[in-house]
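Summary of the model geometry
Take a look at the letters that make up each chain.
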Amino acid sequence: MSQVLQRVEITLRSFYVFNSSLSQKEGEERKKVLYYYPTEVVEYTKINDVGLSEGIIKFIGTFTNEDDCKALHTQKTTQLFYQPEPGFWLVLVLNVPKELKLKDRIEVAEYRGGEVSDRIYRAVLRQCYQMYRFQHGPMQARLTANLAEENQQREQQREKLSLELHQFYDKYLLSFRDLASCDIMDMLHSIQYLALEKRIFLRAHNFCKLCGDTFAGIRDCIMLYNQEQIICGGKLNASDLYSLHAYIQAVPKGADPGEDGAFVEKVTPPRVFLDLDNCIAPFYLLIYRALNITLCLFVDVAPQPEFYEELHAYMGPQLISLARDIADEVSKRTAANLGESGSNDASSTSPKYLFINEQSLKHHTNIFRHGKNNQKSIPRNVMSIIADLANPIEENCTQTTPATEELQVKATNDFWVVKRRCNWRQYYVILCKSKATLLDVTQEAKRIFEQELTDDVFFDK
Amino acid sequence: METEQTPTPNTATSDTNSTCEYLDAEGDSEHETGDLYQEADADAEQQHHQGHNIISEAVSGQTNKDLTTSVESLALSTSTSAKTEDSVSTNAVEEDLDDYQHDSVWRGQKKHIFILSEAGKPIYSLHGNEDKLAALFGVIQVLVSIVQRDQDGIISIHAGGIKFAFMHRNSLILVAASRTNMSIQQLQLQLSDVYYQILSLLTHSHLSKTFERRKNFDLRRSLAGSERLIFNLLANDSSNARVSSNIFTFLTNSIRVFPLPTAVRSNIISAIQSNCSKVKDLVFAVLIADNKLIALVRMKKYSIHPSDLRLIFNLIECTESFKNSPHWLPICLPKFNMNGFWHAHISYLTNDCPACLLLISVDKNASDIMQSVKMRITEKLERSQCLQAINEELQEPHNAKLYQQMLSMPELRHFLYKPKATAQLLFPMLRHPYKTLSEFERLEAIYCSLLHRIHNQSRPLKLIYELRDREVILAWVTATYELYAVFESIVDKATVIKYVDKLIKWIEKEYDVYFIRNHATF
Amino acid sequence: MATRKKSLLKVIILGDSSVGKTSLMNQYVNKRFSNQYKATIGADFCTKEVVVNDRVVTMQIWDTAGQERFQSLGVAFYRGADCCVLVYDVTAPNSFKNLDSWRDEFLIQASPRDPEHFPFVVLGNKVDLDNRQVSTRRAQQWCQSKNDIPYYETSAKEGINVEMAFQTIAKNALEQETEAELINDFPDQIRLNSENNRPGNADNCQC
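Residues numbered from 1 in each chain as written. Chains lettered and ligands numbered in written order. Predicted model: local features only at pLDDT ≥ 70, side-chain atom pairs only at ≥ 80, totals over all residues. Heavy atoms only, no water.

A closer look at the overall build of chain A
The cut-off we apply is this: Helix numbers and strand numbers start at the N terminus; a helix is a DSSP run of H or I with at least 4 residues, a strand a run of E with at least 2. Here's how the labels work: a residue is buried when its accessible area is under 20% of the maximum for its type, exposed when over 50%, partly exposed in between, all with a 1.4 Å probe on protein chains only. Here, residues are in contact when the closest pair of their heavy atoms is within 4.5 Å. To measure how exposed things are, a 1.4 Å probe is used in the Shrake-Rupley method; for residues, cover is taken only from the protein chains shown.
Across its full length, chain A holds 9 helices and 20 strands. Across the 461 residues in chain A, those meeting the buried criterion constitute 52%. In chain A, once contacts between residues fewer than 6 apart in sequence are set aside, the share between residues at least 24 apart is 64%. For chain A, the exposed area adds up to about 21400 Å²; of that, 49% sits on carbon and sulfur atoms.

Here we look at the UniProt feature "domain: FUZ/MON1/HPS1 first Longin" (unreviewed entry) in chain B
Short version of the rule: UniProt positions are given in the numbering used here, feature names are shortened, and annotations may be inferred rather than shown by experiment.
Following the UniProt record, one finds the feature "domain: FUZ/MON1/HPS1 first Longin" (unreviewed entry) at residues 111-233 of chain B. Span residues 111-233 of chain B is 46% helix and 26% strand, its end C-alpha atoms 13 Å apart.

Quick look at the pattern of salt bridges
Definition in use: Salt bridges are defined as contacts in which a side-chain nitrogen from Lys or Arg sits within 4 Å of a carboxyl oxygen from Asp or Glu.
Within this structure, the stated rule accounts for 53 salt bridges over all chains. Linking Arg142(A) and Glu164(A) is a salt bridge whose minimum nitrogen-to-oxygen distance equals 2.7 Å. Here the residue Arg142(A) occupies a position in the loop between helix H2 (118-136) and helix H3 (151-174), and Glu164(A) occupies one in helix H3, the gap between them amounting to 22 residues. The exposure class of Arg142(A) is partly exposed, given its relative accessible area of 23%. Glu164(A) sits in the buried class, given a relative accessible area of 12%. Across the pair Asp63(C) and Lys38(C) runs a salt bridge whose closest N-O atoms are separated by 3.1 Å. One end of the pair, Asp63(C), is in strand S3 (residues 55-64); the other, Lys38(C), is in helix H2 (residues 38-41), with 25 residues separating them in the sequence. This pair shows no difference in class: Asp63(C) is buried, exactly as Lys38(C) is. What emerges from the salt-bridge pattern is a single network uniting Arg7(A), Glu9(A), Glu99(A), Lys101(A), Lys103(A), Glu110(A), Arg112(A), Glu115(A) and Arg380(A).

Points about the packing of aromatic side chains
Note the threshold: Note on aromatic contacts: the rings of Phe and Tyr and the six-membered ring of Trp form a pair at centre separations within 6.5 Å, being stacked when their planes are under 30 degrees apart, edge-to-face when over 60 apart, and tilted otherwise. Any Lys NZ or Arg CZ found within 6 Å of a ring centre and within 35 degrees of that ring's normal is scored as a charge over the ring.
Enumeration over the complete set of coordinates arrives at 48 aromatic pairs over all chains. Centre to centre, the rings of Tyr195(B) and Tyr196(B) are 5.7 Å apart; their planes meet at 50 degrees, and the pair counts as tilted. Here the two residues Tyr195(B) and Tyr196(B) agree in accessibility, since each one is buried. Judged by centre distance (6.1 Å) and plane angle (35 degrees), the ring pair of Tyr302(B) and Phe336(B) falls under tilted. Pair noted here: Tyr302(B) is in the loop between strand S8 (292-298) and helix H13 (306-318) and Phe336(B) is in the loop between strand S9 (327-331) and strand S10 (340-348), with a separation of 34 residues, a long-range link. Across the pair, exposure class does not vary: Tyr302(B) and Phe336(B) are buried alike. Through successive ring pairs, a cluster of aromatic residues spans Phe15(A), Tyr35(A), Tyr132(A), Phe168(A), Tyr169(A) and Tyr172(A). The aromatic ring of Trp62(C) is capped on one face by Lys10(C), whose charged end is 3.8 Å from the ring centroid.

Concerning the domain arrangement of chain B
All names here are of chain B. Inclusion rule: Annotation comment: domain bounds sourced from an automatic or database domain assignment. Put simply, buried area is the surface a 1.4 Å probe can reach on two separate parts but cannot reach once they are joined, added for both.
Along its sequence, chain B is carved into domain 1 (10-22 + 51-234), domain 2 (260-396) and domain 3 (400-514). Taken together, the contact pairs 10 residues of domain 1 with 11 residues of domain 3. When domain 1 packs against domain 3, the two sides together hide about 850 Å² of surface, and 52% of this comes from carbon and sulfur. The interface formed by domain 1 and domain 3 includes 1 salt bridge.

Thoughts on the sheet that holds strand S2 (residues 11-18) of chain A
Test applied: Should DSSP find at least two bridges between two strands, the strands are taken to pair. Axis angles are defined between N-to-C directions and span 0 to 180 degrees, where every axis is a line fitted to C-alpha atoms and, for a helix, only to the segment in contact.
Sheet architecture is open: 10 strands sit in the order S3(A)-S2(A)-S6(A)-S5(A)-S4(A)-S3(B)-S4(B)-S5(B)-S1(B)-S2(B), paired in antiparallel fashion. Looking along the sheet, the strands with just one partner apiece sit at the ends: strand S3 (33-37) of chain A together with strand S2 (122-125) of chain B. Within the sheet, the average angular offset between the axes of one strand and its neighbour, ignoring direction, is 15 degrees. Judged from the 4 bridges that link them, S2(A) and S3(A) form a sheet pairing that is antiparallel.

Some details on the interface of chain A and chain B
Contacts between chain A and chain B engage 43 residues on the former and 43 residues on the latter. The contact between chain A and chain B buries some 3700 Å² in all, and 63% of this surface belongs to carbon and sulfur atoms. By the criterion of area lost to chain B, the three top residues of chain A are Phe59(A), Thr62(A) and Phe63(A), representing 20% of everything that side buries. For the interface between chain A and chain B, the tally reads 3 salt bridges.

Some thoughts on the sheet that holds strand S12 (residues 412-419) of chain B
Taken in spatial order, the 10 strands line up as S9(A)-S17(A)-S16(A)-S20(A)-S19(A)-S18(A)-S14(B)-S15(B)-S16(B)-S12(B) in an open sheet, and their pairing is mixed. Looking along the sheet, the strands with just one partner apiece sit at the ends: strand S9 (191-192) of chain A together with S12 of chain B. In the sheet, strand S15 (residues 471-477) of chain B pairs with strand S16 (residues 481-488) of chain B via 7 bridges, with the strands oriented antiparallel. The residue bridging Ala475(B) from the neighbouring strand is Tyr484(B), located in S16(B). Where helix H9 (residues 438-452) of chain A meets the sheet, it contacts strand S16 (352-357), strand S17 (362-365), strand S18 (405-411), strand S19 (415-422) and strand S20 (425-432) of chain A together with strand S14 (461-467) of chain B, and its direction lies at approximately 125 degrees from that of S20(A).

Some details on the confidence of the model for chain B
Residues and elements named next belong to chain B. Note the cut-off: Per residue, pLDDT captures the predictor's confidence, and it can take any value from 0 to 100.
Confidence in the prediction for chain B averages 82 pLDDT; 81% of positions are at 70 or higher. Within chain B, the element-level pLDDT minimum falls on helix H1 (residues 21-24), averaging 25, and the maximum on strand S3 (residues 154-159), averaging 98. Note that residues 1-97 has pLDDT below 50 and, in this model, 163 contacts with residues that lie over four places away or in other chains. Confidence metrics for the complex model read pTM 0.87 and ipTM 0.91.

Description of unusual backbone geometry
Here the residue pair Tyr37(A) and Pro38(A) is connected by a cis peptide bond, since its omega of 0 degrees sits within 30 degrees of zero. Considering the arrangement of structural elements, one finds Pro38(A) in the loop between S3 and helix H1 (43-60). In this structure, the amide linkage connecting His432(B) to the following residue, Pro433(B), adopts the cis form with an omega of 5 degrees. One non-glycine residue, Asp277(A), adopts positive backbone phi at about 55 degrees. Inspection of the secondary structure puts Asp277(A) in the loop between strand S13 (271-276) and strand S14 (279-290). Of note in this structure, Ser111(C) is not a glycine but carries a positive phi near 30 degrees. Position of Ser111(C) relative to the elements: it lies in the loop between helix H4 (93-110) and strand S5 (120-125).

Notes on the packing of H1(A) against helix H6 (residues 134-149) of chain B
Test applied: Should the near helix be turned anticlockwise from the far one by less than a right angle, the crossing is left-handed, and should it be turned clockwise, the crossing is right-handed. Each residue receives one of three labels: charged for Asp, Glu, Lys and Arg, nonpolar for Ala, Val, Leu, Ile, Met, Phe, Trp, Tyr, Cys and Pro, and polar for the others, Gly being one of them.
Between H1(A) and H6(B), the shortest axis-to-axis distance is 11 Å and the interhelical angle comes to 145 degrees. In terms of crossing hand, the pair formed by H1(A) and H6(B) is left-handed. Contact with H1(A), carried on its side by Asn48(A), Leu52(A), Gly55(A), Ile56(A) and Phe59(A), involves Leu136(B), Val139(B), Ile140(B), Leu143(B), Ile146(B), Val147(B) and Arg149(B) of H6(B) and no other residues of that element. Residue composition of the contact of H1(A) with H6(B), by class: 9 nonpolar, 2 polar and 1 charged.

Section: the nonpolar core
Using the following cut-off: Note on terminology: a nonpolar core comprises buried Ala, Val, Leu, Ile, Met, Phe, Trp, Tyr and Cys residues joined through side-chain atoms within 4.5 Å.
Ranked by internal contacts, the top residues of the largest apolar core, which has 171 residues, are Phe15(A) and Tyr169(A). If sequence neighbours within four positions are ignored, Tyr169(A) has contacts with Phe15(A), Val17(A), Tyr35(A), Leu90(A), Cys128(A), Tyr129(A) and Tyr132(A). Of all hydrophobic cores here, the second largest spans 74 residues; its members include Leu52(A), Val175(B), Leu14(C) and Tyr151(C).

Remarks on the UniProt feature "domain: FUZ/MON1/HPS1 second Longin" (unreviewed entry) in chain B
If you check UniProt for "domain: FUZ/MON1/HPS1 second Longin" (unreviewed entry), the listed places come out as residues 280-378 of chain B in our numbering. The span residues 280-378 of chain B carries 25% helix and 36% strand; its end-to-end C-alpha distance comes to 19 Å.

What follows is the structure in structure tokens.
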């Protein structure tokens, strides 16, 4: 019998960005490699890795459109391909989980590529790009020099782009969350919205709207609670909202704004790129905090000091009052929830649910992913099963799948997953019951659907 | 609701009981291949009369010039005919050898299978002349070699709408490309089948030695005349534009059992047992009819692996010439022992009874002995009226009892039932709506999806119940069996559960008619 | 009329990067060669049919890149090659000098059964240019010293010698083939003993 000596989880092997059109002549292959992690690797390995990717893409082109190349699986790796802009490819190479086993007294390595969910990590890869674009704008925009024009200009632009990619990705990749624990949430790029009672919800919305109406320079206004949950998503599309959310997590909190509310980082507000009105353009991001509320304002032009003062004077008091009321509302709700369901959240065998609105990408769930002990309440195989079942959210979703689905599966460890999908909403209920029958499970799921997901709370969109 | 309906005789193309549709259907351009394989077998039969056998000739490498030439022309006729686009581009000239890239028919095929040597030399392509695809084979070899250089191996490539499975075994590289719903694991099973088929013809050791000595060896020479065997294994799904139930046994790595009353099967088994037990070196006796197993009788302590048995079924299914006269040929059963040959006496019982008997021995000189064993078995079966019973069952378009059972559960459209303890499968005839090609494709996709998810190595499932647009589908694994079933979409859960219950009970009651619990020994 | 007995030869094209291998191949194979894979995976491929002794032979031509970063793939590229075309540029003496190492490297990595008689052919390219530096005689001498390698001169403009070169090498490669015996050993018969018996199979699957 074989005994597992050691298990190594998914790790990042490499990540690179390339564009084949950047190396026209033999001997200039290194030019097509715009970014490669880890940087210490010998240059010709980088070129060879990119070469293999290009070879795979070309090979695919024999049978279908090259642009459709998605993944390469080897015994030891999973490589995901993404072409966000014509000609620019991003490749994420993961080392699959590996188990060292003792078989007949010999150490044998077993590679478990089947455990890696492509969908999840493709979404991680997409986000790698989205975050870059959020902060630096599209890559193509950097390479404006015509091929026909002077080579030197193009070369300079290429180097500059490469440098920018280094500045961004060297840091971004370090902050990669533990890859092994990526799950369906990472795949869906959905964000939790804060559930609010109608009046407060409308107040918050009106506040945001008024900011935009009153101050000409403000293009959009987003409000978050505790930097985690969205209160108002503004006009941002789901993808930009997700990037903004991730970006905000990384911004240092700064000094406690105290009772008054304050701007974070007035001197040099960061520039970000948003896809508003079908056009990707840069905006300055102003972050304002009041108690538990974070406000993100997007302005066209770099603001003068007077602008900040005006805004602060206008927003401060209103926002503080709103923030207090929201905080009250939230604590009331939390108490009510705890009261109702008792030890609901702690136990891993109590029912869990997940609700996703495919259009707005908002989600609502009682599955804790980033708990204090980083304990997942649901076993890994079940989370993976949900990822398998989920309808991936791709941009330009052409509908070939029917609008309504219902599905129940039982895993080998007695977990049941019930899924319903209709009207661009996906609902999942996860139950752990060893003796349940199909009908039992159907009933229980129905009860939870009705209880949790038809609240009279309001969600944005 | 017991309406007695006499089943209307089905035309050949879609009835699940007739798996050799491609051999039956004539005059249809899609079935060209079938006609030409018929021809090929007629030649094979001729060769046999001369005391040679195509397969053993190819294997033993004896150079008989005349035979070689005719073997080669055989190979030519079979291989060019299998390529669907030859009929399209008859103007294909030496100039446009790499034109497959611009041949939209070739490019758009639902499934491709490529086999090449480690040197990158083409051996086989399901569609297209493998010579003309030589450049593509070169690319594949290099991609595989690059990954190997890093002590790794390519498993699969995924692109929108198409996936590729790779396999590298013993000097051969095999690639499957598929636009169907088959998973990578299922495609690898297909490649594995083909690989084992090749081993069955050559043995593992012969294959290794050949390439060890001559890396540039053109394996097509050794496989000449056997393409139909490979083709039949690969043509088991709808990507080949035919409705064939071989896909079900393939997906579950099982075989079907010929339904017979217990008493009849008992008699058959004892007829075989009594005539085989004292025969030295005779290890297995296999009796097959209509692509189903009537009986497998074996020497104690020896058994046949399901994959090997499927290869035997494949051989029988593809070789019409066995019907005309007995054959004696070498066969390797790779899962049993991949380096050695058995010898099999293969013949049909009588002119009236199309049941095929294989007597498998380790003694290559035992042909005459096997012939007399066969005669004695046949005699006994005739006397005990077993042949008659077999013929009676064969005359029914589908098994009557099973058919009745299905009628009593009208919303149950189709199912696959496989006991855990055996590699045998039971399924009913294909009914409306699954008789047209496009609907059959859908059914196939459903089973591929269910089987893949149930047997997923990292996260297997015990039960799947899914309400889809056009049907309700169920997959259920218990300690004793696996059941996959498809119902009309309007059916409710309670009915599904009721039907499943009823079906399982019925199967358990009729178990020995449709399954063989333990293979008898002698 | 040629009979259609199948034969396929793996042909490797070797030489320094600037000698014009690609344009030679382009011209010979007579199609738009898009240089698809050379820069990425180290070789480009094309097929060409020729008729040799009444036999149609398909040539699977491997036009290798030769850059150092692909050196470790040599074994894979050259494995099972039936013949090899060495190309140099008559105006570039280094490319001629390198023929030796190309040939040696090839023989080491390919390790053919009979290295002495392995079919090579040498092509001296760019003879249409003015600044020729390697004389025909010198090239011929080298070729003779290496077991009489056939030598041809050509330029990208006219392809006639290229055709002849490939014709020759195909013929020589086929000769190697017919001289070798087909593998003649008949595989083992099964022996019934306890080794062959595998009751405890992983699948534990009886049929």
